[in-house]
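Here is how the chains run, residue by residue.
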Amino acid sequence: MVSSTNFEEVVAVDAPHYGTKVTKYRSKVTGLSAVVVDLNVPVVHGYFAVATEIHNDSGCPHTLEHLIFLGSEKYPYKGVLDTLANRAFAQGTNAWTDTDNTVYTIETVGQDGFLRILPVFVDHVLYPTLTEAGCYTEVYHVNGEGEDAGVVYSEMQGRENTPGDLMDLASRRLLFPEGNGYRSETGGLMAALRQLSVQEIREYHASYYVPQNLSLIITGNVDHNALLETLQNTVEQTIIEKGVPDLSTWQRPWVDSPAPSPLGESKTATVEFPEEDESMGELMISWLGPSCNDNLTCTALNILGNYLTESVSVLEKEFVEIEDPLATDISFYTSDSTTSVISLYFSSVPTEALENVEKRLHELLHELAETGFDLERVHMFIERDRLKTLDACETSPHYAFSTPAIIDSIYGSPSGETLTDGMNDLKYYDVVRTWSSADWISLLKKWLIDNHHVSILGKPSAELVKKLETEEKARKNKRRQELGESGLKELEKKLNEAKETNEAEIPKGVIESFRIPNVEGIKFIEVDTARAGIADSKGFDNEVQKHVIADGSSDLPIWIQFDHIKSEFVTISLYFSTANIPARLRPYISIFLDSFFMNPLHLPDGTKLSFEEVVQTLDADTVEYGAWLGVRGGWNEIACVTMKVESRKYEKAIGWLRDLWTCAKMDEERIGIAVSKSQNDMPQQKRDGSKVSWAALQMLQMDAEKSTARAANILTQDKFLDALEEKMEEDEGLEAVLKDVEEMRTLLFRGENLRVHVVGDVLRLEKPSRAWVKFEIPSGSKEVLPVPLSRDNLTEQGKNPNGSATVVALPSIESSYSVHVTKSDMHFTHPNLAALQVLFTYLDTMEGILWKYIRGSGLAYGADLRIEPESGFLYFSIYRSPDASKAWSRAHEIVQEFKDGKIELTQTMLDSAKSSVVFNYVSGEGTPASKGAQSFVNQVLREESKDRAKEMLKKVQAVTLEDLRGPAMDYLIQLFDVKRSDTVAVSSPAKAKDLEQAFAKAGFNVAARTLDDFE
């Protein structure tokens, strides 16, 4: 312990079930708190939580989340925090704003960089500059063309009229009374943001951003003494110099605010959202719930929610798994607050059925209270939830432990009692396991039947689309007329002056004095790899390989790789090449994978399991399972089927995977339900501007005859599902469809297509390879097919982008999105890959060049450069922009200035970029589970070493300024060359024409399209 410190230990919590310890400290002088969660992983996470309460829709909490990063009293330079963070083996910083808190985050490789950036970060949180110029560019302004802009404004413009946001706000308005903070839109409504002043933001900051309301939550491998010394000698000292707060008069947000009264009656409201397709709506039912500190009741409610909505539950059987689904998904969740909100959300409900679904829900809840609970199923959900909790501590430990610590910082007791309780929550599973059916009925009645509710019916409205367009256009035109040409020029001048003020150069000494940690000190997670069956095991000389060899079965006709990690669970992934599927069958892949675990089984011994029995037994035997296209964000021509179980159920999992492939019987009912659910989900999918932009681009790039990824694209599926439904109306058509699905299953399930990956404590598995003997799979070869790559399935346009720009009008959005692409020779072992990664990071990392001139100027919420070696594509994408053409144009100018030497490449920025690349590689393998999964990607899909990250770091460290100016720069210039790149932009119909004209003026061959135009 530090010899002299103001920080006292409040509580130390041993969490033996999770293999960790949690310690809370608090300063007796300033009230500043720190919580340390000890985790043996290479990355340290910081979550700096401020409890924020507001009683209006101004968005002050959200605007502060942005303005904090624009400089502090000690570091009065915009972007200095992220610039220094990039030199701490981090990739900038981040933050989020919830209804009741704002949390600032940073992730660094190791504690060295973390402890040095910590005082800088806290200075920004407690003592930001909050300038007029910063507020003008970051929050809201009107540009020289009379258009609304600003980073915060752009973000809320993309959210405000979405179904989820509209319904959530309407629900909270009815659940909570006037004057209660939970009813506020803390993100800020657009109309309020247009009126918000920097002085209001300053006053809000002064009230809530005080040391006694700040909790520093740190997860990772950090020396407590070193942390306390940093806090005492730098952070605490600064706070004391500013004036010691009077802790005796402090009123805690939320905790010391009046609690809302129970609802006096149930309420129903209809909320319209803009959407031309009026076929599908949304339904949300909410109740006021218990305090988040009532861990027993919250645990029980979570189990109740699973009972109602998962594993072919009573609600799924009534609304989802039926011939004409009344919802595609039902989710149950509770908020973490003093008075929590319990919610049931029905996705993609036929609009005409919304009222009936809401009514029938309440009838079903009453019926359940009459018939009682199936305790065997309840116990299954209790055990599965317990296992999921343990698994989360292995796979997402930072999130798993920071969440209860953040909740405690807002609502917990000063003594640390609630933190102790929250970190030892497994005991509540033991309590609810003893409950009778009557106990569960009592819980159901108290919170969901006798408790008044609020129902929000979300209805799509084509008329609202037109209304919003008309009103927005009229408002802008009126403004332009009132301002006139001189007024618009004055606004442009004001914006440029604000930008100039914000972009004051950070002194070189400030940056260079922040030493970059040593790469040699990084402690990587190690895994041992072994191979079996027809996989090549040469070169694998370790205990795991010896264990696998000792198990025998060297003649297995299956390709298997094992990656050994310390874990209570084992994950089995089956990776199938889809290269041999004929084009006519490829579009079936989505419904096939979506329903893979939900078909009846006819077992060899004559046993027949209904789909309900399959799902319920699967849920009892597994922690999780799933099927999809793609592997860890790439390789989208590979179908993946995965299952995670406790290690003791390894052989049972193999049996399940065998039976699901060989014994499944997709019948008329199951395929009909699968098709209907997918159809009903389409309107929701097509409301996502970003998703549509990438989908439209893929339609242009990928060959319909060869690409399974293109066949699974939402724009392909939209038409395919309608045609399939029509075909299935005839008996002959239905038979043909079922035959097609079975043919695709047969073509996929062949040994030459399959690679098996097992991740877990392999040395604990009694029969790691012999267990696969019964996994019988037909094979025409003793070798597996090559890994299918996207680069081999391109259209001519995909191979040779030539200046086309496709503009898609999407009525359901207000922001615009764009994706820009060029084709390169880049691949995983390309000699210029490291240099290109560093150059792209140099440009688009937080406070990089693109970040400053695009996000910093309010041109877009996000802009991103991306390398895709698997396909050879290089991308530049723009996210949530008032005008994507302006954001692209500014990026194009920047690249030209780079090319011409007008923007200088500096060693300081190069060092920062390399530091950020280091973080990317290490964080991608930040837990044993992710390291195990990455081992397969590296060794099999990339055909490199399992320690690729270590090897790439050496190459990254060797990158020089000359490397950036050389071939790497050529790739960047190509991406922004109108003649060698293609563009897809998505916007509202009102803005589409402007985008078409702007991209045409830039030199693109522009085509205007609707979603129906894609074939």
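Preceding this paragraph is the structure being described.
The following paragraphs examine the structure supplied in this document. (Residues numbered from 1 in each chain as written. Predicted model: local features only at pLDDT ≥ 70, side-chain atom pairs only at ≥ 80, totals over all residues. Heavy atoms only, no water.)

When helices and strands are tallied, the protein chain shows 37 helices and 28 strands. If one aligns the C-alpha atoms of the protein chain with their principal axes, the spans along those axes are about 80 × 70 × 65 Å. Looking at the protein chain residue by residue over its 1015 residues, the buried ones come to 62%. For the protein chain, the share of sequence-separated contacts (at least 6 apart) that also reach a separation of at least 24 residues comes to 80%. Once the 102 positive and 156 negative side-chain charges of the protein chain are each reduced to a mean point, those two points are 4 Å apart. (Helix = DSSP H or I, 4+ residues; strand = E, 2+ residues; numbered from the N terminus. Buried < 20%, exposed > 50% of the residue type's maximum accessible area, 1.4 Å probe, protein only. Contact = heavy atoms within 4.5 Å. Lys, Arg positive; Asp, Glu negative; His and termini not counted. Charge placed at Lys NZ, Arg CZ, Asp CG, Glu CD.)

Moving on, we come to the sheet that holds strand 2 (residues 20-27). Note on sheets: strands pair through backbone hydrogen bonds, and any given pair is parallel or antiparallel. Reading across from one edge, 1-2-3-9-4-6-5 is the order of the seven strands in this open sheet, with mixed pairing throughout. Both edges of this open sheet fall to strand 1 (7-15) and strand 5 (94-97), since each of them pairs with a single strand only. Shown here is a sheet whose adjacent strand axes are inclined to one another by a mean of 15°, direction ignored. The pairing of strand 4 (residues 43-51) with strand 6 (residues 101-109) spans nine bridges and is classified as antiparallel. Of the residues in strand 6, the one forming a bridge with glycine 46 is isoleucine 106. Its contacts with the sheet place helix 1 (residues 60-67) against strand 5 and strand 6, and it is angled at close to 180° to strand 5. (Pairing = 2+ DSSP bridges. Axes fitted to C-alpha atoms, helices over the stretch in contact; angles between N-to-C directions.)

On to a negative patch on the surface, then. On the surface, a cluster of negative charge is contributed by Glu323, Asp324, Glu668, Glu669, Asp722, Glu725, Glu726, Glu729, Glu730, Asp731, Glu732 and Glu735. When residues of the negative patch are traced back to their parent elements, those giving at least two are helix 24 (668-685), helix 27 (714-728) and helix 28 (731-748). Judged by its relative accessible area of 68%, glutamate 732 falls in the exposed class. (Patch = residues over 30% accessible without salt bridge, like charges linked within 9 Å, V, L, I, M, F, W, Y side chains within 5 Å. Areas by Shrake-Rupley, 256 points an atom, 1.4 Å probe, with all protein chains shown as cover. Salt bridge = Lys/Arg side-chain N within 4 Å of Asp/Glu carboxyl O.)

Here we take up unusual backbone geometry. One non-glycine residue, serine 311, lies in positive phi territory at about 55°. Relative to the elements of secondary structure, serine 311 occurs in the loop between helix 10 (295-309) and helix 11 (314-320). For tryptophan 635, which is not glycine, the phi torsion reads 50° and is therefore positive. If you trace the backbone, tryptophan 635 turns up in strand 21 (residues 634-646). Tryptophan 635 sits in the buried class, given a relative accessible area of 4%.

Before going further, it helps to spend a moment on helix 10. Compared with the 21 Å implied by 1.5 Å per residue over 15 residues, the 21 Å span of helix 10 between its first and last C-alpha is a close match. Burial of helix 10 is extensive: 13 of the 15 residues sit out of reach of the surface. Remark: serine 311 follows helix 10 within two positions and exhibits a positive phi of approximately 55°. (Expected span 1.5 Å × (residues − 1).)

Moving on, we come to the packing of helix 10 against helix 17 (residues 437-449). Look at helix 10 against helix 17: their axes get within 11 Å of each other, and the N-to-C directions meet at 95°. In terms of axis orientation, helix 10 runs roughly perpendicular to helix 17. Across the interface between the two elements, Thr297, Ala300, Leu301, Ile303, Leu304 and Leu308 of helix 10 pack against Trp440, Leu443, Leu444, Trp447 and Leu448 of helix 17. Broken down by class, the residue content of the contact of helix 10 with helix 17 amounts to ten nonpolar, one polar and no charged. (Parallel < 35°, antiparallel > 145°, perpendicular 65-115°, else oblique. Nonpolar A, V, L, I, M, F, W, Y, C, P; charged D, E, K, R; others polar.)

If you check helix 30 (residues 833-844), its first and last C-alpha atoms are 16 Å apart, about what twelve residues at 1.5 Å a residue would give, namely 16 Å. For helix 30, the buried fraction is high: twelve of the twelve residues fall into the buried class. Those residues of helix 30 that fall on the buried side of the exposure criterion are Leu833, Ala834, Ala835, Leu836, Gln837, Val838, Leu839, Phe840, Thr841, Tyr842, Leu843 and Asp844.

Spatially, five strands are ordered 10-14-11-13-12 in an open sheet, and the strand pairing comes out mixed. Unpaired on one side and paired on the other, strand 10 (267-274) and strand 12 (329-334) mark the two borders of the sheet. The mean inter-strand angle of the sheet, taken between neighbouring strand axes irrespective of direction, is 15°. In this structure, strand 10 lies alongside strand 14 (residues 453-461), joined through eight bridges in parallel fashion. Considered in strand 14, the bridge of valine 271 is made with glycine 458. Sitting on the sheet, helix 6 (residues 163-175) is in contact with strand 10, strand 11 (280-288), strand 13 (341-350) and strand 14, with an inclination near 30° to strand 11. Sheet strands in contact with helix 12 (residues 354-371) are strand 10, strand 11, strand 13 and strand 14, and its direction is about 40° off that of strand 11.

Here we come to the environment of phenylalanine 69. One can find phenylalanine 69 in the loop between helix 1 and helix 2 (80-85). For phenylalanine 69, a relative accessible area of 12% translates into the label buried. Taking C-alpha positions, phenylalanine 69 is 7.8 Å from proline 128, a pair spaced 59 residues apart along the chain. Not counting the four nearest positions on each side in its chain, phenylalanine 69 is found in contact with Gly79, Leu81, Asp82, Thr93, Asn94, Ala95, Tyr104, Phe121 and His124.

Another point: the pairing of strand 23 (residues 804-809). With five of its six residues buried, strand 23 lies for the most part within the structure. As judged from the five bridges shared by strand 23 and strand 27 (residues 982-987), these two strands associate in the parallel manner. Within strand 27, the residue paired with valine 807 across the bridge is alanine 985.

The next point concerns the pattern of salt bridges. Enumeration according to the criterion identifies 59 salt bridges in this entry. For the salt bridge of arginine 433 with glutamate 383, the shortest nitrogen-to-oxygen distance reads 3.3 Å. Taken as a pair, arginine 433 in helix 16 (residues 427-433) and glutamate 383 in helix 13 (residues 375-395) lie far apart in primary sequence, 50 residues in all. Residue glutamate 651 is joined to lysine 767 by a salt bridge in which the shortest nitrogen-to-oxygen separation is 3.4 Å. Of the two residues, glutamate 651 sits in helix 23 (residues 650-662) while lysine 767 sits in the loop between strand 22 (754-760) and helix 29 (796-799), which places them 116 residues apart along the sequence. Residue glutamate 651 is classed as partly exposed on the basis of its relative accessible area, which comes to 40%. Within this structure, Glu145, Glu147, Arg480, Asp883 and Lys886 form a network of salt bridges that share partners.

Counted by the stated rule, this structure contains 39 aromatic pairs. Ring geometry for tyrosine 861 and tyrosine 879: centres 6.4 Å apart, planes at 50°, overall tilted. In this pair, tyrosine 861 sits in the loop between helix 31 (849-855) and strand 25 (862-868) while tyrosine 879 sits in strand 26 (residues 873-881), placing the two residues 18 residues apart along the sequence. Classification of tyrosine 879 as partly exposed rests on a relative accessible area of 32%. Geometrically, the ring pair formed by phenylalanine 876 and phenylalanine 976 is tilted, given 5.1 Å between the ring centres and 50° between the ring planes. Of this pair, phenylalanine 876 sits in strand 26 while phenylalanine 976 sits in the loop between helix 36 (961-975) and strand 27; the two residues are 100 residues apart in sequence, bridging distant segments of the chain. Taken as a pair, phenylalanine 876 and phenylalanine 976 share a single burial class, namely buried. Three or more aromatic residues joined by ring pairs form one cluster here, namely Phe576, Phe592, Phe596, Phe597, Tyr625, Trp661, Phe749, Trp772 and Phe775. Taking the ring centre of tyrosine 307 as reference, the NZ or CZ of arginine 377 above it sits at 5.5 Å. (Phe/Tyr/Trp six-rings, centres within 6.5 Å; stacked < 30°, edge-to-face > 60°. Lys NZ or Arg CZ within 6 Å of the ring centre and 35° of its normal.)

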